[in-house]
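Here are the chains, one letter per residue:
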Amino acid sequence: FKERSFITDVKEALKYNAISYKLFGTEQPTTYYIKRVIAVAGDTVQIKEDGVYVNGKRLDEPYVNNAEAPYYGNVNDFLKKGVTVPDDMIFVMGDNRNHSADSRQLGCVPVNDVIGKVIGT
C-alpha cells in the first residue's frame, strides 16, 4: 500500500461525502460494501475446503461468523489453484462467508475504490 498522509485523508474525506456530491454535482454511489482485506497486490490467494490460504499459509480467522462453519467447496477452479492479486488491487472477503458477495464472485477490487479504513479493532 502507498503511504498515507493527513492531506490524503482530508482529500478523501472531502471526495466521499454528501456535501461534496452536492457542490460538485457528481452522482453519489448508492451501494457500499464492508469487507475484510484478505490479500494485497502480489499475494497469492488459494481457497481450499479447509480454509483460505495466502502465500501458502492458512489464515487464522477468529473473526469469521462462528454461527455457521464457512463452506469453501463451491469456489471456482482459479481460486482452488491459486490467484495472484494484481498491482493496485486487493482481495476482499466478508466475515459471514457463506452469505457474502466478495472477491470470490466479484474478483479483485481496485485499491482506489476503497473509501474507508479501519480506525479501531
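In this numbering scheme, every chain counts its residues from 1 along its sequence in written order. Confidence filtering applies because this is a predicted model: local features only for residues at pLDDT of at least 70, side-chain atom pairs given and counted only at 80 or more, and all residues used for totals across whole chains, interfaces and linings. Remark: hydrogens and water are excluded; side-chain values derive from all non-hydrogen atoms of the structure.

*Asks:* Outline the overall build of the protein, supporting the account with residue identities and numerical values.
*Replies:* Secondary structure elements follow DSSP: runs of H or I of four or more residues count as helices, runs of E of two or more count as strands, with numbering from the N terminus. What the protein contains, in helices and strands, is four helices and seven strands. Put simply, the protein runs from its N terminus to its C terminus through helices and strands in the order α-α-β-β-β-β-α-β-β-α-β. Only protein chains enter the accessibility calculation, which uses a 1.4 Å probe; a residue is then buried when its area is under 20% of its type maximum, exposed when over 50%, and partly exposed in between. The buried share of the protein, reckoned over its 121 residues, is 22%. Values of accessible area rely on a 1.4 Å probe in the Shrake-Rupley scheme; residue burial ignores everything except the protein chains shown. Total accessible area on the protein stands at roughly 8900 Å², and carbon and sulfur atoms take up 55% of it.

*Asks:* For the packing of aromatic side chains, give the residues involved together with the corresponding values.
*Replies:* Note on ring pairs: Phe, Tyr and Trp rings are taken, using the six-membered ring of Trp, and paired if centres are within 6.5 Å. Classes follow the plane angle, with under 30 degrees stacked, over 60 edge-to-face and the rest tilted. Counting across every chain of the model gives zero aromatic pairs. We count a charge as sitting over a ring when the NZ of a lysine or the CZ of an arginine lies within 6 Å of the ring centre and within 35 degrees of the ring normal. For the cation-ring pair, arginine 36 lies above tyrosine 63, with the distance from its terminal atom to the ring centre recorded as 3.6 Å. If you follow lysine 48 out to its NZ or CZ, it ends over the ring of tyrosine 53, 4.4 Å from the centre.

*Asks:* Describe the sheet that holds strand E1 (residues 36–40), listing the residues and the values that go with them.
*Replies:* One requirement defines pairing of two strands: DSSP has to find at least two bridges between them. Pairing in this open sheet of three strands is antiparallel, and the strands run E1-E6-E7 from one edge to the other. Lying at the two open borders of the sheet, with one neighbouring strand each, are E1 and strand E7 (109–110). The pairing of E1 with strand E6 (residues 89–93) spans four bridges and is antiparallel. From the neighbouring strand, valine 40 faces E6, where its bridge partner is isoleucine 90.

*Asks:* Before we move on, could you go through the sheet that holds strand E3 (residues 51–54) and cite the residues and values that matter?
*Replies:* With antiparallel pairing, four strands are arranged side by side in an open sheet as E4-E3-E2-E5. Edge positions in the sheet fall to strand E4 (57–58) and strand E5 (83–84), since each of these pairs with one other strand and no more. Relative to E5, strand E2 (residues 44–48) runs antiparallel, the two sharing two bridges. The residue of E5 that forms the bridge with valine 45 is valine 83.

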